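# Summary of the model geometry
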Amino acid sequence: MNLNNELDSPLIVKISFNKLIQRYEHLVESDDEFIAAKAKRVISTQKPIPELRDGFSDLNLLQKYKKEIGIILQDSFSEVLTDNEIKTASVPFEDIIFNSSDRFKKILETAGDNFQLNIKNMPQDNKYIIACTIILNFCYGYSLNFKRPFSYEIPDKNGVMRYYKILYNADFIEISPTQNAPEITQDDYDELIDNYENIDIWKKKFPPQSYVFKGFVISNIFDVTDDQSISNIKSFLINEGINKNIPLKEEVHAVFQSLFNIQDLKVGFSSYDLNKNSLMPIYDKSVESYLLHEKFEIDCAHALCSKSFNELIENHKVFTISDIDKIDALTKGKSPQVSALKKQGFKSAILVPLVADDTLLGVMEFVSKTPKLLNSISEHKLLDVMPFVKAAIVRSKKEEENKVDLIIQEKCTSIHSSVFWKFEDEAKRYLFEQSKGNHSEFHKISFKDVYPLFGQIDIKNSSNSRNKAIQKDLTLQLLLAKEILMVLFENEKLLLFEQFIFQINQYLELLSAVFRVDTEQRISVFLKTDIFDLFKHLDSKEKYKDDIAHYFDSINDNLGVIYKHRKNYDDTIMLINKEMAFLLDKKQQEAQAMYPHFYERFKTDGVEHNMYIGESITREDSFNKIYLYNLRLWQLQVMCDMENTHYNLRSSYPMALDVATMILVFNTPLTISFRMDEKQFDVDGTYNARYEVVKKRVDKSYIKGTKKRVTEQGKITIVYSHKQDELEYLRYITFLQTKHYLADDVQIVELEDLQAVTGLKAIKVSVLYKKENDKKEKFYTYKDLMKELEH
């Protein structure tokens, strides 16, 4: 088997012991007779076999001359140390070992028959180029510092992975060019160091099998499991975000200066914003960005040339500039990143994209004021440390996001996703100014020229329903108290008992008449003080004990009064709000997918919602009024769905409450701003304030010339002021009538004037209801539905 048959390499590899034999030829002249005798033995062993000196590629000869090779390597593999040293003789960078110490053999034996020995950190795809760099070092004297730690990972008898570091002794190798080897010039060298991954260029300068490699390497191997374990623990701590210490700027530079062996090396970082395709600094004084050079934000298209943009941003590949002045001259100053670095006096640079889960986090910047020290070959020194750097950046990005979120929450409140981007931008600007030591205010957040949409599904006559529930509870409690007092008066004949009975009768008369808030308060005070103190005093008496215990069991411990009918009312309001809010939120997800817009809802005695739509909210030049019209139609249809859902669930609630639905149409775009004091959006300007006035009062307004409220159960009321709004919504109603959402009883009415607001009109139309699980395609108006439910 020929070693070179399947070897794609610029080298013709020959196993040779020539350099070692030359050493023994010197030792023959040694004054030490023992050393001289041993040297003569080695030379006499090799002499009949010229291949051992001239070199051979036939691997079968390793077995044929195994004994002779063992004698030649006897001094290198001492029998005294064979059980202690971990050592091999092999072809460099290949898994071809032809001699080893006993300890190495035992380690492999322990690993098991199925274990396959592989050199770690050996880039299989780049072996050709690695061989070329070795030729540059041996034959041309170019000191390319490509050293990376090579190692083995071998499991022990317990299956625990152990780590072994490999140190190569290359004293016994020779490399010489053949007649086919082109001469390498300085220009060739300069081209090569900027094109590490361009295999075609390397093969042109170093054609296959154009150099002869003769020799072998001795690998001294050391168990570094402890050191590697410590490194793994550090990696774990970084990944888990436990290590919160942020190094100072000079310490950051020092770490990488040692790694690259470049004294003037500096390290920077630019954070990448995917949404805006821009580079930004991080809010940490210990890390600068040399691409941004004190700017707060730069669009990637303006920060990078097209080539570097494609490499870094699109393909997530490392981009090197070994000679900044040279590239700046070639591009005539039109390469943004080169110009920015040159202005700061840098001569070479490596830009490294940091990627996690296929997402670009940012760009690591390594810069030096010495040309060519940073190049496409030296970039590979980063391979071993970048996982740690990446983990630290992931943690830093998360902490940055938390800071931004904290600023928003502190300055604002829970923000809808459609407008969150603007708060995020402002929070980043705010943090950037603070990191520079500048005084900064959180700027006003506004959105101009947005169209409002308002809707509500309100509990009809909620105040009356609540008052009736309170009346029933108070009446029930007064009657219970009266029964006990009558028994007390019959047995004790105390005038105070008779006076309490008289007072209760007065309260019962008040409750049966017009209910007033002060009536509730007076009765509650009477029950919580006079009656409570009296019954507590008498509950120890055996003949009153059971009746008084029944009274107190009927009372809510927290409120001090009976909470039965009012609980039914409160629970019903809660359930209606919960169901209506859930349905509206669920439907909103569909609406957001149609076109992004601001949305907020509030629970009161019912559910109301605000929506704002416009270009300033989406921050994209894509808004068209068609999206406004679509959202209005969507809103009308969803309000019909909410009506249907309510009346299908109505019978399952503790109380049967009706709802009334209203939509307010406002056809003029307005400006909304976030009010820091109230932590919510509000409209700007005097004219726009008219919208808020109408929104708050219109559902309580009357139809002109009547005492009838504009909102009505079983109907949707659409309030508007312009004829074009009327025509628009009549089209929507006609469409929804064909889909059996609405009935044909369309009514247009005028509204009584509100404070400073005149000329309002309303379209009223009945909702068509369909009973759930009803297989018949039958639709009902509100009146028909009530009749159906009564049967």
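Going by the structure above, here's the rest.
Right, let's walk through the structure included here. (Residues numbered from 1 in each chain as written. Predicted model: local features only at pLDDT ≥ 70, side-chain atom pairs only at ≥ 80, totals over all residues. Heavy atoms only, no water.)

### Describing the sheet that holds strand β8 (residues 217–223)
In plain terms, the rule: The criterion for strand pairing is that DSSP finds at least two bridges linking the strands in question. By definition, any uninterrupted DSSP run of H or I lasting at least four residues is a helix, any uninterrupted run of E lasting at least two residues is a strand, and each is numbered from the N terminus. Lines fitted to C-alpha atoms define the axes here, with helix axes fitted over just the stretch in contact, and angles between the N-to-C directions of these axes take values from 0 to 180 degrees.
Reading across from one edge, β3-β2-β8-β5-β4 is the order of the 5 strands in this open sheet, with antiparallel pairing throughout. Of all the strands in the sheet, just β3 (97–100) and β4 (150–155) have a single pairing partner and so form its edges. Ignoring strand direction, the axes of neighbouring strands in this sheet form an average angle of 30 degrees. Relative to strand β5 (residues 161–169), β4 is paired through 6 bridges, and the arrangement is antiparallel. Considered in β5, the bridge of Pro155 is made with Met161.

### What about the packing of helix α1 (residues 18–27) against helix α2 (residues 33–46)?
Think of two packed helices as two axes; the pair is described by the angle between the axes and how far apart they sit. The line we're drawing: With respect to orientation, any angle under 35 degrees is reported as roughly parallel, any angle over 145 as roughly antiparallel, any angle of 65 to 115 as roughly perpendicular, and every other angle as oblique. Crossing handedness is read from the near helix: turned anticlockwise from the far helix by less than a right angle, it gives a left-handed crossing, and turned clockwise, a right-handed one. Here, residues are in contact when the closest pair of their heavy atoms is within 4.5 Å. Lys, Arg, Asp and Glu make up the charged group, whereas Ala, Val, Leu, Ile, Met, Phe, Trp, Tyr, Cys and Pro make up the nonpolar group; the residues left over, Gly among them, are polar.
Here α1 crosses α2 at 140 degrees, and the two axes come no closer than 8 Å. What the angle tells us is that α1 and α2 run oblique. The chirality of how α1 crosses α2 is left-handed. For the pair formed by α1 and α2, the contact residues are Ile21, Tyr24, Glu25 and Leu27 on the first element and Ile35, Ala36, Ala39, Val42, Ile43 and Gln46 on the second. Split by residue class, the contact of α1 with α2 holds 8 nonpolar, 1 polar and 1 charged.

### Observations concerning the nonpolar core
Put simply, the rule reads: The term nonpolar core refers to a set of buried residues drawn from Ala, Val, Leu, Ile, Met, Phe, Trp, Tyr and Cys, joined through side-chain atoms within 4.5 Å. Exposed residues in this analysis have more than 50% of their type's maximum accessible area, buried residues have under 20%, and partly exposed residues fall in between, with area computed by a 1.4 Å probe over protein chains only.
Within the largest apolar cluster, 66 residues are counted, with the highest numbers of intra-cluster contacts made by Phe17, Leu73, Phe98, Leu136, Tyr152, Phe206 and Phe216. Once residues lying within four places of it in the same chain are set aside, the contact partners of Phe17 are Leu52, Ile69, Ile72, Leu73, Phe98 and Phe216. Of all hydrophobic cores here, the second largest spans 46 residues; its members include Leu584, Met611, Leu631 and Leu657.

### Considering the environment of Glu579
Along the chain, Glu579 turns up in helix α22 (residues 565–594). On the accessibility criterion, Glu579 (28% relative accessible area) is partly exposed. The contact partners of Glu579, leaving out residues within four places of it in the chain, are Leu649 and Tyr653.

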